[in-house]
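Now for the letters of each chain:
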Amino acid sequence: MADAPNAGRRNTSSKLLIALDVFALALTGFALVWVIFFTPREAVMGDVQKVFYFHVSSAWVGMLGFFGAFISGIAYLRTRRMVWDAAGIAGVEIGFVFTLLAVISGSIWARPIWNTWWTWEPRLTTAFVMLLVYAGYFILRASVDEVEKKARYSGIFAIVAFTVVPLTFISIRLFRTIHPVLFGSGSGGDVFQMTPRMLASFLLSLAAFTWLFAALYWNRLRLALADQAAADEQLQLEAEAEQ
Amino acid sequence: MNTGTAAFAIFRKDLTAERRARELVLTMLVFGLQVILVYVFAFDLNVGLRDEAVPGVLWATIVFAGTLGLGRSMAAEREQGCLDGLMLLPADRTAIYFGKAMANWVFLLIVCAILLPVYTFFSGVNLLRFDLMAVVLLGTFGYVFIGTLLSTLTVRVRSREMLLPVLLFPILIPLVLACLRGTTLLLTSGNAAELQTWLLVLIAYDVIIATVGWLLFDAVIED
């Protein structure tokens, strides 16, 4: 990167990125230690409840990623700038990984608490359906060769996919739910109350994961842009070789 | 040319082509019957289960048969170079979307008009009811609108026949759930309030999908 024409600016931005990365690692590590050692055990569920802090944070980051891809899709169709395609694939990839993490951590919690690894509970089912939808996104990208078309189709699909998410959730939710309602005025017996210290831990993990999301997004975006640059260069070399 | 007129011209063109070739409806219908047959065998052992499975079998059949038609309807345009001709249309290109979607809707409804009595005959559950027609109309409407959008997207992609169902089915989940529950509630004379909620979900899906399709179609078809 040092020999690039705008090396000065690049240098500052890569320093910023390093700072972002280091801080993301530190914050995530701190949240992990804090949740394990300094957060009170939930009286009924015991230690396994601690999965919750990372479970909700993962689901949140997953949503952020898909939302990022949705916004990038709109931005790409409006501006036709390839950077938005890079932002789209970065968003979907991060969203996919973290949604998967949320499903897995949810399963770990559900085994002792609901006595089953998997139930067709609304949020779990929605997460599962979203994984399927965005798996389609990857397959779509893989089956288009032209760069412009790939970017356009991916953007369109990311928009369609995200538009349907709320309806998917609502429709699945209309079936009976057994997922604990955490916030607001839940009337069922499933509501568990967070003590102030638990809430603090929760907000800490949420902040750590959001920071981690920003760091990952930036890194993945850089990778996608480098990918684009490499593909362009290859095309150029091929054109030169033909001459 | 005004968009409505253009859409209607495309719609009529598809209907004429289908009247002469009789390819789409017939294939969808035969495939639909085969799907029903598979389910009849699958649930054959338990009579009680068989009745409860009726809405599920019905909607699985419509969805599977429909995918076949949706994929074919666009592939035919592409193979004969018609898509390029359609692109020269002296009107807003969303006319192509609405024209194709409406034609697909009519084809799917014709298939349903035959499948419903046939399945009534096989299952002994009366599916020929006016209130059920509403669910079928709303459900197939949303289905062809998202299906036409995605089949236009996948038609110029390498693995198109394989890709369409993979992209389409997870997006269809809210629609299928609403149709499924709506049909079950109608057949069992269940809770009217719940039925109303599901119909609302169905209408919301239709409106959202048709709007999204209308907004995005230009970008889908532009090359």
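**Observations regarding the overall build of chain B**
At step 1: Within chain B, the secondary structure is distributed over nine helices and zero strands.
At step 2: Moving toward the C terminus, one meets the helices and strands of chain B in the order α-α-α-α-α-α-α-α-α.
At step 3: Computed over its C-alpha atoms, the radius of gyration of chain B comes to 18 Å, within 12% of the 17 Å expected for a compact globule of 223 residues.
At step 4: Dimensions of chain B, computed from C-alpha atoms along their principal axes, come out at roughly 55 × 35 × 30 Å.
At step 5: Across chain B, every contact between residues at least 6 apart in sequence was considered, and the portion connecting residues at least 24 apart equals 80%.
At step 6: A total accessible area of about 9900 Å² is found for chain B, and carbon and sulfur atoms account for 68% of it.

**Things to note about the state of the cysteines**
Residue and element names in this part refer to chain B.
At step 1: For the structure shown, the criterion picks out zero disulfides over all chains.
At step 2: Just so you know, cysteine 112 is unpaired, no disulfide at all, and the nearest cysteine sulfur is the one on cysteine 179, 9.9 Å from it.
At step 3: You can call cysteine 112 buried: its relative accessible area is 3%.

**With respect to the packing of aromatic side chains**
All names here are of chain B.
At step 1: Going through the model one piece at a time under the given rule, you end up with 24 aromatic pairs over all chains.
At step 2: Measuring from centroid to centroid gives 5.1 Å for tryptophan 105 and phenylalanine 141, while their planes differ by 80°, and the two rings are edge-to-face. With a gap of 36 residues between them, tryptophan 105 in helix α6 (residues 94-123) and phenylalanine 141 in helix α7 (residues 130-154) connect regions that are remote in the sequence.
At step 3: Counting every residue linked through ring pairs, the aromatic cluster contains Tyr97, Phe98, Trp105, Phe141, Phe145 and Phe217.

**Let's talk about the confidence of the model for chain A**
Residue and element names in this part refer to chain A.
At step 1: The share of residues in chain A with pLDDT of 70 or more is 88%, and the mean pLDDT across the chain is 84.
At step 2: When pLDDT is averaged over each helix and strand of chain A, the minimum, 82, is found for helix α1 (residues 7-37) and the maximum, 93, for helix α2 (residues 51-79).
At step 3: Confidence over residues 183-191 falls short of pLDDT 50; this stretch has eight contacts with residues more than four positions distant or in other chains.

**Digging into the interface of chain B and chain A**
Put simply, an interface is often sized by how much accessible area is lost when its parts join up.
At step 1: The partner chain A presents 30 residues to the 31 residues of chain B that form the contact.
At step 2: Area buried by chain B at its contact with chain A is led by Leu153, Arg158 and Ile171 of chain B, which between them contribute 19% of it.
At step 3: Along the contact surface separating chain B from chain A lie three salt bridges.
At step 4: Here arginine 80 of chain A and glutamate 222 of chain B are joined by a salt bridge, their closest N and O atoms 2.5 Å apart.
At step 5: Applying the counting criterion to the chain B and chain A interface returns seven residue pairs in polar contact (both at pLDDT 80 or more).
At step 6: Those elements that place two or more of their residues in the side of chain B that touches chain A are α7, α8 (160-187) and α9 (192-221) of chain B.
At step 7: Among the elements that line the side of chain B that touches chain A, the one with the most residues is α9 of chain B, at 12 residues.
At step 8: Of the residues belonging to the side of chain B that touches chain A, the class tally is 24 nonpolar, two polar and five charged.

**Things to note about α2 of chain A**
At step 1: A rise of 1.5 Å per residue sets the reference length of α2 of chain A, with its 29 residues, at 42 Å; its end C-alpha atoms lie 41 Å apart and thus fit the reference within 8%.
At step 2: One or two positions beyond α2 of chain A, positive phi appears at arginine 80 of chain A, with a value near 60°.

**Things to note about the side chain of serine 171 of chain A**
At step 1: Inspection of the secondary structure assignment puts serine 171 of chain A in helix α5 (residues 147-173).
At step 2: With residues near it in sequence (within four places) discarded, serine 171 of chain A still touches Pro174, Leu177, Trp198 and Val201 of chain B.

**A word on the nonpolar core**
Nonpolar side chains in soluble globular proteins generally cluster together in the buried interior.
At step 1: One finds Val160 of chain A together with Ile146, Ile171 and Tyr205 of chain B to be the most contacted residues of the largest nonpolar core, which totals 105 residues.
At step 2: Those residues in contact with isoleucine 146 of chain B, other than ones at most four positions away along the chain, are Val160 of chain A together with Tyr97, Leu168, Ile171, Leu172, Tyr205 and Ile209 of chain B.
At step 3: The next biggest cluster of nonpolar side chains, apart from the first, holds 25 residues, and it includes Leu17, Leu64, Leu206 and Ala208 of chain A.

**Describing a nonpolar patch on the surface**
At step 1: The grouping of Leu32, Val33, Ile36, Phe37 and Phe38 of chain A at the surface amounts to a nonpolar patch, some 490 Å² of accessible area in total.
At step 2: Locating phenylalanine 37 of chain A in the fold gives a position in helix α1.

Basis of the calculations
- Residues numbered from 1 in each chain as written.
- Chains lettered and ligands numbered in written order.
- Predicted model: local features only at pLDDT ≥ 70, side-chain atom pairs only at ≥ 80, totals over all residues.
- Heavy atoms only, no water.
- Helix = DSSP H or I, 4+ residues; strand = E, 2+ residues; numbered from the N terminus.
- Rg over C-alpha atoms; globule rule 2.2 N^0.38 Å.
- Contact = heavy atoms within 4.5 Å.
- Areas by Shrake-Rupley, 256 points an atom, 1.4 Å probe, with all protein chains shown as cover.
- Disulfide = S-S within 2.5 Å.
- Buried < 20%, exposed > 50% of the residue type's maximum accessible area, 1.4 Å probe, protein only.
- Phe/Tyr/Trp six-rings, centres within 6.5 Å; stacked < 30°, edge-to-face > 60°.
- pLDDT = per-residue confidence, 0-100.
- Buried area = accessible area lost by both parts, 1.4 Å probe.
- Salt bridge = Lys/Arg side-chain N within 4 Å of Asp/Glu carboxyl O.
- Polar contact = N/O pair within 3.5 Å; in protein donor to acceptor, adjacent residues only side chain to side chain.
- Nonpolar A, V, L, I, M, F, W, Y, C, P; charged D, E, K, R; others polar.
- Expected span 1.5 Å × (residues − 1).
- Core = buried A, V, L, I, M, F, W, Y, C linked by side-chain atoms within 4.5 Å.
- Patch = residues over 30% accessible without salt bridge, like charges linked within 9 Å, V, L, I, M, F, W, Y side chains within 5 Å.

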